[in-house]
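Residue strings, one per chain:
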Amino acid sequence: MRWALLTLMLLAPLSAKAQDHAAHGRLQGDVTLEGLIGGGATFEGDRVSGAAAAELRARYLDMAGVMAGVEIRPEGASRVLLMGDLRPLFFARFILGGMFGDRYWDLLVDSIGVDLGVAVTPLDGDVGVAFAVGFGVDVPLFFFGEGLSGVALRLFGRHVAAAETDRFGPNGGASDWIAGALLVFRGQASTGLPSWEPRRYRLRVSE
C-alpha cells in the first residue's frame, strides 16, 4: 500500500489535468475526514440485540487511512475499535482511466472497502483485545459543492473474534457480528502533496 500511495503521488501531477474531473476533488482536498453515527443489529450465538455506533475516519486520497470508533451495547460487550480503513479501488480505476465520470457512481464504487484492526472489549469488565474485520459501502445522499464533501449512508458489517486461550483476549473469548448503517458526514482538507512536482531546471542558453 505504501508503494501504491507513492506511485499515485508521483503520477497524479501528470494525469491531473486529464482526469481531475473524475477525481471529484480528491487531488485538491487530498485528506478525507469523516464523522459517522448510527447503529445496527448484533449477533452473538443465538442472541440478537442492538447497538449504537460512532466513528471518526481519516483517509489519504480517500483510499487508505485510519478509523477510531465505539460500539455501545445495552446487551453484550461494548467496545472501542482501532482499525485501518482500506479502499483501493480508486487507485486502480484512476490510474487505468476507468472512472465513470459520474460523481455518484464513482464515489459509491470507490467506497467499497475493508477495515482491519482490533477491538478493546468489554468496557465494563475484564478488558481484552480481539481481532476485528469489517466491510462496507457508502451510498451518497447529497453533496456540498462540487467535490466529495457531503452526507452518505454507510452500510456495513463487522466481525470481532478472540479465542478463549488468547493471551490478551477478553475472558471467555469473543465472537460476534454487527450489521447496520451509519450516517456519514464527509469533508476534505488539503496537504498539497498531490500537486507537488520536483524542481525543474532549464538549460542555460549561451549568448
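Residues numbered from 1 in each chain as written. Predicted model: local features only at pLDDT ≥ 70, side-chain atom pairs only at ≥ 80, totals over all residues. Heavy atoms only, no water.

Visitor: Break down the side chain of Arg-59 for me, with residues and values.
Guide: Mapped onto the fold, Arg-59 is located in strand E2 (residues 47-60). Looking at Arg-59, its side chain comes within polar contact range of the side chain of Glu-34, at 2.8 Å. A polar contact of 3.0 Å, which involves the side chain of Arg-59, links it to the side chain of Asp-85. Setting aside its immediate chain neighbours within four residues, Arg-59 contacts Asp-30, Val-31, Thr-32, Glu-34, Ala-64, Gly-65, Asp-85, Arg-87 and Arg-186. (Helix = DSSP H or I, 4+ residues; strand = E, 2+ residues; numbered from the N terminus. Polar contact = N/O pair within 3.5 Å; in protein donor to acceptor, adjacent residues only side chain to side chain. Contact = heavy atoms within 4.5 Å.)

Visitor: Can you explain the environment of Asp-102? Please cite residues and give values.
Guide: With respect to the helices and strands, the residue Asp-102 is situated in the loop between helix H2 (89-95) and helix H3 (103-110). Put simply, Asp-102 and His-24 are 78 residues apart on the chain and 9.0 Å apart in space, counted from C-alpha to C-alpha. A distance of 3.2 Å separates a polar atom in the side chain of Asp-102 from the backbone nitrogen of Trp-105.

Visitor: How would you sum up the pattern of salt bridges? Please name residues and give values.
Guide: The final tally for this structure, using the stated rule, is 21 salt bridges. In this structure, Arg-57 and Asp-115 form a salt bridge, with 2.9 Å as the shortest nitrogen-oxygen distance. Taken as a pair, Arg-57 in strand E2 and Asp-115 in strand E5 (residues 113-121) lie far apart in primary sequence, 58 residues in all. On the basis of relative accessible area, Asp-115 is assigned to the buried category, the value being 2%. When the shortest N-O distance is used, the salt bridge between Arg-59 and Asp-62 registers 2.6 Å. Classification of Arg-59 as buried rests on a relative accessible area of 1%. (Salt bridge = Lys/Arg side-chain N within 4 Å of Asp/Glu carboxyl O. Buried < 20%, exposed > 50% of the residue type's maximum accessible area, 1.4 Å probe, protein only.)

Visitor: Can you tell me about unusual backbone geometry, naming the residues and giving the values?
Guide: The linkage connecting Thr-121 with the following residue, Pro-122, adopts the cis geometry, with an omega of -10°. Of note, the phi angle at His-24 is positive, near 55°, even though the residue is not glycine. Inspection of the secondary structure assignment puts His-24 in the loop between helix H1 (2-23) and strand E1 (31-44). The buried category is assigned to His-24, whose relative accessible area is 6%. A positive phi angle, near 55°, is found at Leu-61, a position not held by glycine. Looking at the element boundaries, Leu-61 is found in the loop between E2 and strand E3 (64-72). The class for Leu-61 is buried, based on a relative accessible area of 1%.

Visitor: So, the packing of aromatic side chains: which residues are in play, and what are the values?
Guide: A full pass over the atoms with the stated rule returns 3 aromatic pairs. For the pair Phe-90 and Phe-94, a centre-to-centre distance of 5.3 Å together with 45° between the ring planes defines the contact as tilted. On the criterion of helical spacing, the pair formed by Phe-90 and Phe-94 is a turn pair, its members being 4 residues apart in helix H2. Like Phe-94, Phe-90 is buried. Aromatic pair Tyr-104 and Trp-105: ring centres 5.1 Å apart, planes at 80°, arrangement edge-to-face. On the basis of relative accessibility, which here comes to 30%, the residue Tyr-104 falls in the partly exposed class. (Phe/Tyr/Trp six-rings, centres within 6.5 Å; stacked < 30°, edge-to-face > 60°.)

Visitor: I'd like a rundown of the pairing of E5, residues and numbers included.
Guide: Alignment of strand E4 (residues 79-86) against E5, held across 7 bridges, turns out to be antiparallel. Within E5, the position partnered with Leu-82 by the bridge is Val-118. Here 9 bridges tie E5 to strand E6 (residues 128-143), and the two strands are oriented antiparallel to one another. Note on E6: the bridge partner recorded for Gly-117 is Ala-132. (Pairing = 2+ DSSP bridges.)

Visitor: So what's going on with the environment of Ile-112? Residues and values would help.
Guide: Along the chain, Ile-112 turns up in the loop between H3 and E5. For the pair Ile-112 and Leu-86, spaced 26 residues apart in the sequence, the C-alpha separation amounts to 8.8 Å. When sequence neighbours within four positions are dropped, the list of residues in contact with Ile-112 reads Arg-87, Leu-89, Gly-136 and Val-137.

Visitor: Any chance you could break down the sheet that holds E1 for me, citing the residues and the numbers?
Guide: Strands sit in the order E1-E2-E3-E4-E5-E6-E7-E8 around a closed barrel of 8 strands; the barrel is antiparallel. Here the average twist between neighbouring strands, direction ignored, is 25°. Here E3 pairs with E4 via 8 bridges, running antiparallel. In the sheet register, Ala-64 faces E4, and the bridge partner there is Leu-86. (Axes fitted to C-alpha atoms, helices over the stretch in contact; angles between N-to-C directions.)

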